[in-house]
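What the coordinates show
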Amino acid sequence: MTVLAPENLSQEALRIFLRMIRPRPLADPYPMYRRLREIAPFHTIRLPGLAATYVAATHAEVSELLRRKEFGPLTPGHLDLLSPGWHGHRFTRVMYTSMAFKHGADHRTRRDLVFKDFTPRRTEGHRAAIERAADAILDRLGGEVDLEEALALPFTALTIGEALGMPGSVALELGRLARAAGTVFEPMASARQRAAEIEAGTGLVDGFAALLDERRRKPERDLLTFLVKHHGEDEEEALVQAVLLFGAGFDSPVSMVGLGSRLFIEHPDQAWLVREDPSLARSAAEEILRYESPVQLVVRAAYADTELAGTPVPDGGVVFGLLAAGNRDPLVCPDPERFDVARAPIQTLSFAAGAHYCLGAPLARLQAEILFPRLLRRFPDMRLTGEPRYRSPGSMLRGLEYLPVHLS
Ligand code: HEM
């Protein structure tokens, strides 16, 4: 075994990190995560333009990063460096002023307002509608299809449409835009990708502005109407909340459906287990999200001089927390490279942790629990007919954009 000097190790960590965050997707980033975990749980990375940057790669370090109040979302100052000109676009202004980018009391007020709509109990109330949506879509499927287009997009649109109070067709149309604008969360994207993001994001914001206007004129008994009424004159805040809930609530579930379906195709023994024993659906959902996390990493800033894993982190320092690397950390997950739907429960980082823990986790779990057993029972011989394509950039938001299958 070659023993590398610390300087060589930090150069290797930098090389891996730069490959990881490039604007083109990686089919298999997991060996790189493994190597980062081996080199050190917490690395300093020297990046031009950003003063102090770190990568947390193990479960313990990422958990601590997410839970400590000294760390929070990137500030407007950081966003100026990573996404210059964001103030000039309505879409980036909306996203970067949402709860996902707020800290402390500013964050809590916004989150508390909608939290009650996404508790496990409230979410359970959507079960029957989600089951109907799944059945209606699966009834129409068969033969050769792109499963992203034929299943992941419409199923997610009907689900988030149900939760927010939007017709499925509108949710599908706006969902396509939200997915194309998903790069807004990516720390690194090419200029072309940023331009496409702004174009799609502008359409998304315009769509929601029109939808909220409609609710102002004609209130319904739904979450969008609640936002409009609660925020009253502050139309911008209602828009910010609606666009974030929808964007976050559409993107990752679409990825979960595509990545999960592919995992079952590639692991027929695991598909068989879920087909034969639907009570495994819950643990299968956790395992899909652990093994192929739709949110691979999160970015945090230090809000004061502090330390992590014994390394000083100055006020303003930026830390990349690799959720997907933490999810395969052998210290918390035995045999982590194995996809095992019957795995004993472990605390994964798929929905993050701490103050920004995913608001929609109960809804995402319910979607998976409803959809996958149905899909696997109806199409026991589902197989790939071509090479699936990953979305770009994909270093933060991992998912497929094309999944050609034969359903039988
Ligand atoms: C498989 C599906 C999903 C995954 C893997 C996922 C993952 C995550 C992760 C990792 C975060 C934390 C991001 C960070 O801290 O920077 C997050 C936040 C969030 N998620 Fe999800 N999510 C999913 C589905 C949903 C759904 C269905 C909704 C529905 C509304 C939703 C709404 C949100 C919101 C609003 C936040 C921001 C919370 C805050 O800042 O306090 N997510 N999600």
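So, here is what we can say about the structure in this document. The structure displayed is predicted, hence computed values, not measured ones.

What follows covers the overall build of the protein. On a plain count of helices and strands, the protein comes out with 17 helices and 12 strands. In terms of its C-alpha atoms, the protein occupies a principal-axis envelope of roughly 60 × 55 × 40 Å. Counting only residues that meet the buried cut, the protein has 57% of its 408 residues in that class. Counting only contacts in the protein whose residues sit at least 6 apart along the sequence, the fraction spanning at least 24 positions is 73%. For the protein, the accessible surface area stands at approximately 17300 Å², while carbon and sulfur atoms represent 54% of it. Side-chain charges of the protein comprise 49 positive and 53 negative groups, with the mean position of each set lying 1 Å from the other.

Attention now goes to the layout of surface pockets. Taken as a whole, the largest pocket holds about 410 Å³ of empty space. Every residue lining the largest pocket is counted, 22 residues in all, and those nearest its centre are Arg 176, Arg 179, Ala 180, Arg 391 and Glu 401. With 4 residues, the single largest contributor to the lining of the largest pocket is helix H11 (residues 191–217). Each residue belonging to the lining of the largest pocket can be placed in one class, and the counts come to 7 nonpolar, 5 polar and 10 charged.

Under the defined criterion, the tally for this structure stands at 12 aromatic pairs. Ring geometry for Tyr 30 versus Tyr 33: centroids 5.6 Å apart, planes at 80°, classification edge-to-face. In this pair, Tyr 30 and Tyr 33 are both assigned in helix H2 (residues 30–39), 3 residues apart and thus about one turn of the helix distant. An identical accessibility class is assigned to Tyr 30 and Tyr 33; each is buried. When the ring of Phe 264 is compared with that of Phe 372, the centres are 5.5 Å apart and the planes differ by 55°; the resulting orientation is tilted. Separated by 108 residues along the polypeptide, Phe 264 in helix H13 (residues 235–266) and Phe 372 in helix H17 (residues 361–378) bring together distant segments of the chain. For the pair formed by Phe 264 and Phe 372, the shared burial category is buried. In textbook terms, an aromatic cluster arises when at least three aromatic residues are bridged by ring pairs, as seen for Trp 86, Tyr 96, Phe 101 and Phe 185. When the ring centre of Phe 226 is taken as origin, the NZ or CZ atom of Lys 116, which lies over that ring, is 4.2 Å away. Stacked on the ring of Tyr 291, the Lys or Arg Arg 328 has its end atom at 3.9 Å from the ring centre.

This part takes up helix H6 (residues 104–115). Over its 12 residues, H6 extends 16 Å from the first C-alpha to the last, a length consistent with the 16 Å expected when each residue adds 1.5 Å. Every buried residue of H6 is listed here: His 107, Arg 110, Arg 111, Leu 113 and Val 114. Taken end-on, H6 shows its buried residues confined to a sector of 150°, consistent with a single buried face. Exposed and facing more than 90 degrees away from the buried side of H6 are Thr 109 and Asp 112. Residues of H6 that are buried sit in contact with helix H12 (223–231) and H13.

Right, let's get into the environment of Ser 350. Mapped onto the elements of the fold, Ser 350 is located in the loop between helix H16 (323–326) and H17. For Ser 350, a relative accessible area of 8% gives the class buried. C-alpha of Ser 350 to C-alpha of Arg 290: the two residues are 60 residues apart in sequence and 5.9 Å apart in space. A polar atom in the side chain of Ser 350 sits 3.1 Å from the backbone oxygen of Leu 289.

Think of an α-helix as turning once every 3.6 residues; residues three or four places apart then point the same way. Three or more residues of H12 are buried, namely Leu 223, Leu 224, Thr 225, Leu 227, Val 228 and His 231. Its buried side turned inward, H12 meets H6, helix H9 (147–164), H11 and H13. Where H12 starts, the residue carrying a side-chain oxygen 3.4 Å from the main-chain nitrogen of Leu 224 turns out to be Asp 222. Positive phi appears at Gly 232, one or two residues downstream of H12, with a value of about 50°.

The next point concerns the pairing of strand E2 (residues 50–56). The element E2 is largely enclosed, with a buried count of 6 among its 7 residues. In this sheet, E2 lies alongside strand E1 (residues 42–47) in antiparallel orientation, the contact comprising 5 bridges. Within the sheet, the bridge partner assigned to Thr 44 lies in E2 and is Tyr 54. With 4 bridges connecting them, E2 and strand E8 (residues 318–321) associate as parallel partners. Bridging across to E8, Ala 56 finds its partner in Gly 321.

Time to look at the site of the ligand. Taken together, 28 residues sit near the ligand, with His 107, Arg 111, Arg 300, His 356 and Cys 358 positioned nearest. Note that an oxygen atom of the ligand is positioned 2.6 Å from one of the side-chain N or O atoms of His 107. Within the side chain of His 356, an N or O atom sits 2.7 Å from an oxygen atom of the ligand. Counting only elements with at least two residues in the shell around the ligand, the list comes to H6, H13, strand E5 (298–302) and H17.

Rules used in this analysis
Residues numbered from 1 in each chain as written. Predicted model: local features only at pLDDT ≥ 70, side-chain atom pairs only at ≥ 80, totals over all residues. Heavy atoms only, no water. Helix = DSSP H or I, 4+ residues; strand = E, 2+ residues; numbered from the N terminus. Buried < 20%, exposed > 50% of the residue type's maximum accessible area, 1.4 Å probe, protein only. Contact = heavy atoms within 4.5 Å. Areas by Shrake-Rupley, 256 points an atom, 1.4 Å probe, with all protein chains shown as cover. Lys, Arg positive; Asp, Glu negative; His and termini not counted. Charge placed at Lys NZ, Arg CZ, Asp CG, Glu CD. 1 Å grid on protein atoms, 1.4 Å probe; cavity = no way out; pocket = protein on both sides within 12 Å on 5 of 7 lines; lining within 4 Å. Points joined across faces, edges and corners; volume = space filled by probe spheres on them. Nonpolar A, V, L, I, M, F, W, Y, C, P; charged D, E, K, R; others polar. Phe/Tyr/Trp six-rings, centres within 6.5 Å; stacked < 30°, edge-to-face > 60°. Lys NZ or Arg CZ within 6 Å of the ring centre and 35° of its normal. Expected span 1.5 Å × (residues − 1). Arc of directions from axis to C-beta. Polar contact = N/O pair within 3.5 Å; in protein donor to acceptor, adjacent residues only side chain to side chain. Pairing = 2+ DSSP bridges. Near = heavy atom within 4 Å.

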